[in-house]
2 protein chains.
Amino acid sequence: MERRRRTEGRILDAARALFAEVGFERATIRAIAKAAEVDPALVMQYFGSKQELFQQAVRVTPVAGPDMGAEELVEQVLGALNLKMGELPQSTLAMMRSMLTHPEAAASARQTLSRQIDRLAESIPGEDARLRAALITTIMLGVTIGHQLLDLDELREVPQDEIARVLRPGLRALTGPDVS
Amino acid sequence: MERRRRTEGRILDAARALFAEVGFERATIRAIAKAAEVDPALVMQYFGSKQELFQQAVRVTPVAGPDMGAEELVEQVLGALNLKMGELPQSTLAMMRSMLTHPEAAASARQTLSRQIDRLAESIPGEDARLRAALITTIMLGVTIGHQLLDLDELREVPQDEIARVLRPGLRALTGPDVS
DNA sequence: GTCTATAGGAAGATAGAC
DNA sequence: GTCTATCTTCCTATAGAC
């Protein structure tokens, strides 16, 4: 019982890492099992199918965030770039890596992004709050993809706080209603 | 000879459409051949391998663009969002769809984005021009992914010129050196 | 030149031995 | 509970008939 939980944990860690690295299709059960040092059949035994394993692996506890002022908002979003310390959670990277080519991951991504947009929109004044929130969200998505998934040199070379500094005014312009 | 060229064209069109819709892995030679109304073996005969077919299909003539002032720059970038008329070229969408999960497409995307960054950087004053150019490029990447590949409702519902209007001040803040 | 048939391989999933 | 062996399916790629 205890042993099983630890084994499941190892499998999920290995799955997250592989899904994040190569996406759903190319991450094989066999490779995941090997990385977790278990038998491939055990993975099926525990999770039923590759699809269910993926769902378990990318399941994210949606970070609850109360509404806040526009300036804190920008800082929170910039912090979430998580160029900050270390990396984004593997589960998030796994979902992002697969979201353009795996229908299930796409649905999951849409849901997560929509939640994020809703959350941001609450803190943005003006009638086009949802559009602004959507643009802020997709902007962070694009920067994150460029930095974490495509490894663009132009972004990797630069320290995180400089990226945040350059990006800040642009995001400010999107949070305020007084700039149209 | 003439007939072959037309057949190749049909295959390439079908390939672009399918690669753009489902990505490299899920777009099978069989399905492409069926869409182009040819025999699957003919596709192999003409292009040698699926990989070579993909390369031919996403090959883009890099739009030559001379350097320009900062304001025109923003307008050109916004226009390229191509929320404008119709859609982005299928070849571009095909590359974007596959770039996170297919190594070859990733390399191609990095190259295209780097060229774009170089082009933009030439028109941006200040010493952090390349960083600013990279952020502008990834911002447009993110918005395009959200709009064209993830079909986010929050962006699809909105007319293109309103997106451009809301996005403009933020991009302006990135082109000018006077906002750090 | 075009298509039929099939080789050859890899994947997910399953049944049953240990 | 865990692993071995296999089934089934789907793919790319090739060889050869028409």
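Residues numbered from 1 in each chain as written. Chains lettered and ligands numbered in written order. Predicted model: local features only at pLDDT ≥ 70, side-chain atom pairs only at ≥ 80, totals over all residues. Heavy atoms only, no water.

Visitor: Summarise the protein's contact with DNA strand C; cite the residues concerned and give the values.
Guide: Taken together, A:Ala27, A:Thr28, A:Ile29, A:Arg30, A:Met44, A:Ser49, A:Lys50, B:Arg3, B:Asp39, B:Ala41, B:Leu42 and B:Tyr46 are the residues near DNA strand C. When the atoms of DNA strand C within 4 Å of the protein are grouped by moiety, sugar and phosphate amount to 70% of the total. Residue A:Arg30 places a side-chain N or O atom 2.9 Å away from a base nitrogen belonging to DNA strand C. In this structure, A:Lys50 approaches DNA strand C through a main-chain N or O atom, which is 3.0 Å from a phosphate oxygen. (Near = heavy atom within 4 Å. Polar contact = N/O pair within 3.5 Å; in protein donor to acceptor, adjacent residues only side chain to side chain.)

Visitor: Describe the interface of chain A and chain B, with residues and values.
Guide: You'll often see interface size given as the accessible area lost when the parts meet. Contacts between the two partners involve 46 residues from chain A, matched on the other side by 46 residues from chain B. Between chain A and chain B lies a buried interface of about 4,100 Å² when both sides are counted; carbon and sulfur atoms form 71% of it. The largest share of the area that chain A buries against chain B comes from A:Leu100, A:Leu150 and A:Glu154, three residues that together contribute 18% of it. Scanning the region where chain A abuts chain B turns up six salt bridges. Here chain A and chain B share ten residue pairs in polar contact (both at pLDDT 80 or more) between them. Taken together, the elements giving at least two residues each to the side of chain A that touches chain B come down to α1 (2-26), α6 (90-98), α7 (103-122), α8 (129-149), α9 (153-156) and α10 (160-175) of chain A. Broken down by element, the residue count for the side of chain A that touches chain B peaks at 13 residues, all from α8(A). Its residues placed into classes, the side of chain A that touches chain B shows 26 nonpolar, nine polar and eleven charged. (Contact = heavy atoms within 4.5 Å. Buried area = accessible area lost by both parts, 1.4 Å probe. Salt bridge = Lys/Arg side-chain N within 4 Å of Asp/Glu carboxyl O. Helix = DSSP H or I, 4+ residues; strand = E, 2+ residues; numbered from the N terminus. Nonpolar A, V, L, I, M, F, W, Y, C, P; charged D, E, K, R; others polar.)

Visitor: Can you tell me about helix α10 (residues 160-175) of chain B, naming the residues and giving the values?
Guide: Residues and elements named next belong to chain B. For α10, which comprises 16 residues, the first-to-last C-alpha distance of 21 Å matches the rise-based estimate of 22 Å (1.5 Å per residue) to within 8%. Roughly 40° is the biggest bend found in α10, and it falls at Arg 168, with proline Pro 169 one to four residues downstream. Inspection of α10 places Ile 163, Ala 164, Val 166, Leu 167, Gly 170, Leu 171, Ala 173, Leu 174 and Thr 175 among the buried residues, and these make up the whole buried set. (Expected span 1.5 Å × (residues − 1). Bend = angle between axes of the 7 residues up to and from the residue. Buried < 20%, exposed > 50% of the residue type's maximum accessible area, 1.4 Å probe, protein only.)

Visitor: I'd like a rundown of the UniProt feature "DNA-binding region" (unreviewed entry) in chain A, residues and numbers included.
Guide: Summarizing the sequence annotation, UniProt attributes the feature "DNA-binding region" (unreviewed entry) to residues 28-47 of chain A in the numbering used throughout. Here residues 28-47 of chain A is 80% helix and 0% strand, with 14 Å between the C-alpha atoms at its ends. (UniProt positions renumbered as here; feature names shortened; annotations may be inferred.)

Visitor: So what's going on with the protein's contact with DNA strand D? Residues and values would help.
Guide: Near DNA strand D, the surroundings consist of A:Arg3, A:Asp39, A:Ala41, A:Leu42, A:Tyr46, B:Thr28, B:Ile29, B:Arg30, B:Met44, B:Ser49 and B:Lys50. When atoms of DNA strand D within 4 Å of the protein are sorted by moiety, sugar and phosphate together comprise 71%. Between a phosphate oxygen of DNA strand D and a main-chain N or O atom of B:Lys50, the distance comes to 2.9 Å. Elements with a minimum of two residues in the surface near DNA strand D: α3 (40-47) of chain A together with α2 (29-36) of chain B. Per-element tally for the surface near DNA strand D: the top contributor is α3(A), with three residues. Across the surface near DNA strand D, the residue classes tally to five nonpolar, two polar and four charged.

Visitor: Tell me about the side chain of B:Arg97, and please be specific about residues and values.
Guide: Position of B:Arg97 among the secondary structure elements: in helix α6 (residues 90-98). Of the buried charged residues, B:Arg97 lacks a salt bridge, with B:Asp151 as the closest side chain of opposite charge at 5.9 Å. A polar contact of 3.0 Å, which involves the side chain of B:Arg97, links it to the backbone oxygen of A:Leu100. Only 2.8 Å separates the side chain of B:Arg97 from the backbone oxygen of B:Ala20, close enough to count as a polar contact. Beyond its immediate chain neighbours, meaning those up to four positions away, B:Arg97 contacts A:Leu100, A:Thr101, B:Phe19, B:Ala20, B:Glu21, B:Val22, B:Gly23 and B:Leu149. (Lys, Arg positive; Asp, Glu negative; His and termini not counted.)

Visitor: Report on the packing of aromatic side chains, specifying residues and quantitative values.
Guide: Throughout the structure, instances matching the rule amount to eight aromatic pairs over all chains. Between A:Phe19 and A:Phe24, the ring centres sit 5.8 Å apart and the planes meet at 10°, which makes this aromatic pair stacked. Between B:Phe24 and B:Phe54, the ring centres sit 5.3 Å apart and the planes meet at 85°, which makes this aromatic pair edge-to-face. One end of the pair, B:Phe24, is in helix α1 (residues 2-26); the other, B:Phe54, is in helix α4 (residues 50-58), with 30 residues separating them in the sequence. A single burial state applies to B:Phe24 and to B:Phe54, both of which are buried. (Phe/Tyr/Trp six-rings, centres within 6.5 Å; stacked < 30°, edge-to-face > 60°.)

Visitor: Talk me through unusual backbone geometry; I want residue IDs and the actual numbers.
Guide: Unusually for a residue other than glycine, A:Glu37 sits at a positive phi of about 60°. As for its placement among the helices and strands, A:Glu37 is situated in the loop between α2 (29-36) and α3.

Visitor: Got a sec to walk through the pattern of salt bridges? Specific residues and values, please.
Guide: Residues and elements named next belong to chain B. Inspection of every chain in the model, using the stated rule, returns 22 salt bridges over all chains. Among the salt bridges present, the one from Arg 4 reaches Glu 8, with a minimum N-O distance of 2.9 Å. Of this pair, Arg 4 and Glu 8 both sit in helix α1, separated by four residues, roughly a single helical turn. The residue Arg 168 makes a salt bridge to Glu 75 at a minimum N-O spacing of 2.7 Å. With Arg 168 in helix α10 and Glu 75 in helix α5 (residues 70-80), this residue pair connects regions lying 93 residues apart in the sequence. What makes Arg 168 partly exposed here is its relative accessible area of 25%.

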